[in-house]
Amino acid sequence: MGSAEVGATWLCSLGGAAALAARDLARLVLPVECAGCGTLDEVLCAGCRAPLTGPPQRCEESAPRLDLMDGRPAFPVWALTPYTGPVRELVVAWKDRGRVDLTQTLTAALAVGAGDVAAVLRAARLGPWPLLVVPAPSSAAARRRRGADLVGLLARSVASGCVAAGVPARAAPVLAQRAGMRDQVGLGARARGRNLGGGVRWRTRADLPAAGQPVLLVDDVLTTGATLAACERAVRAAGGIVVGALTLAATPPPGGFPGTSWNEGPAGESLASTGWPQGWLERAPGRVTVKTRSTHRPPVQGQ
Ligand SMILES: [Zn+2]
């Protein structure tokens, strides 16, 4: 090894040592702890990361406000994990306690989940348009408090996950809350519904979707479904059609999610067993018809 190489190696090792020392120093000043469980020296420990590894599960049945969509059926909603325990802690830390060091982990996890959902959407043959991946709008106050549109970041990673899975898609932050909407934080189910009743609008006419263009909604947490229902109304009024929604987590109903086994089985298995989209979304010439659950029939083989 020449002297120059020796010097370079020495500099590299010094650089690595310096970086480690700087990190350790930073941790002395600002100790890092797992956002889910508080374990020291980890942004997110393996145990708290595990629930985010999917596969996503259907959870729209647990959202009472999604059943109130003008007599129309709920669209499928997938979530990576129940909103409980360490997951709840880490999502709150990310949204409301400034833990932006979680953004990379959370967006990457949702991108992987989006690949599973995209496999279902691809089977639905959504037409000639790219899938619009639309984030649920945050209030201006929430964006200021968080320093970024965090749900918008999730939507961008979902669009990437869909594209990687072969479904043409693009993130489209096209929805906005109407003026006068309160931040949803701290509101109960009824108050959320009242707050959001007609409170979501399409941002600009320039971004209007093609008639029947498919839309995948994205939000951080499915709670009552009021937010997604308001988004669906705005999308429908603009001419698009919501074909589903994907969230990081879903609030479980009392007694937990019935009949689901989060994080068990191979990715995609739970999606294939739902019977959607073949019976849920049927294409007719020039339009897309949303079938209600009561008219759902399994597809007939050979037709
Ligand atoms: Zn942890």
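Before going into details, it helps to say that this report is about the structure given with it. (Residues numbered from 1 in each chain as written. Predicted model: local features only at pLDDT ≥ 70, side-chain atom pairs only at ≥ 80, totals over all residues.)

### Overview of helix α6 (residues 150-164)
Rules: Where helices and strands are cited, they refer to DSSP runs of H or I of at least four residues and of E of at least two residues respectively, numbered from the N terminus. Working rule for helices: expected span equals 1.5 Å times residues minus one. A residue is called partly exposed when the number of other C-beta atoms within 10 Å of its own lies between 12 and 20, exposed at 12 or fewer, and buried at 20 or more, with C-beta atoms placed from the backbone.
Over its 15 residues, α6 runs 21 Å from end to end, which matches the ideal 21 Å to within 8%, given 1.5 Å per residue. A large share of α6 lies buried, amounting to 11 of its 15 residues. When α6 is considered as a whole, its buried residues turn out to be Leu 150, Val 151, Leu 154, Ala 155, Arg 156, Ser 157, Val 158, Ala 159, Ser 160, Gly 161 and Cys 162. Looking one or two residues past α6, Gly 166 carries a phi angle of roughly 95 degrees, positive in sign.

### Section: the nonpolar core
One recurring pattern in soluble globular proteins: nonpolar side chains tend to sit buried together. What counts, and what does not: Here a nonpolar core is just a set of buried residues of the types Ala, Val, Leu, Ile, Met, Phe, Trp, Tyr and Cys, joined wherever their C-beta atoms sit within 7 Å. A pair of residues counts as a contact when their C-beta atoms, built from backbone coordinates, are within 7 Å of each other.
Grouped together as the largest cluster of nonpolar side chains are 68 residues, with contacts concentrated most on Leu 110, Val 133, Val 134, Val 158, Leu 216, Leu 217 and Val 218. With nine residues, helix α4 (residues 103-123) is the single largest residue contributor to this core. Every residue in contact with Leu 217, bar those within four places of it in the chain, is listed here: Val 134, Ala 136, Leu 228, Cys 231, Val 242 and Ala 245.

### Comments concerning the environment of Pro 137
Its location among the elements puts Pro 137 in the loop between β3 (131-135) and α5 (140-146). For Pro 137 and Val 151, which are 14 residues apart along the polypeptide, the C-alpha to C-alpha distance reads 7.7 Å. The residues touching Pro 137, leaving out its near neighbours within four places in the chain, are Leu 175, Ala 176, Gln 177 and Val 200.

### Thoughts on the pairing of strand β2 (residues 77-82)
Stated formally: Two strands pair under a simple rule: DSSP has to find at least two bridges between them.
For β2, a buried count of six out of six residues is recorded, marking the element as mostly surrounded by other parts of the structure. Note that β2 and strand β8 (residues 241-250) share five bridges and pair parallel. Bridge pairing in β8 links Thr 81 to Ala 249.

### Brief notes about the environment of Glu 42
Looking at where Glu 42 falls in the secondary structure, it is placed in the loop between α1 (3-29) and α2 (46-49). With 17 C-beta atoms packed within 10 Å, Glu 42 lands in the partly exposed category. A sequence separation of 11 residues divides Glu 42 from Pro 31, and the C-alpha atoms of the two residues are 9.4 Å apart. Once residues within four sequence positions are removed from consideration, Glu 42 is found in contact with Val 32 and Cys 34.

### Points about the sheet that holds β2
Rules: Lines are fitted to the C-alpha atoms to define the axes, a helix being fitted only along its stretch in contact, and any angle between axes, read from their N-to-C directions, falls within 0 to 180 degrees.
A sheet is described by the order of its strands in space; here six strands give the open sequence β1-β2-β8-β7-β3-β4, paired in mixed fashion. If you trace the sheet from one side to the other, it starts and ends with β1 (57-58) and β4 (169-171), each paired once. In this sheet, β8 lies alongside strand β7 (residues 214-222) in parallel orientation, the contact comprising eight bridges. Note on β8: the bridge partner recorded for Leu 222 is Ala 250. Running at roughly 145 degrees to β8, α4 makes contact with β2, β3 and β8 of the sheet.

Function cannot be inferred from these measures alone, as they are strictly geometric.
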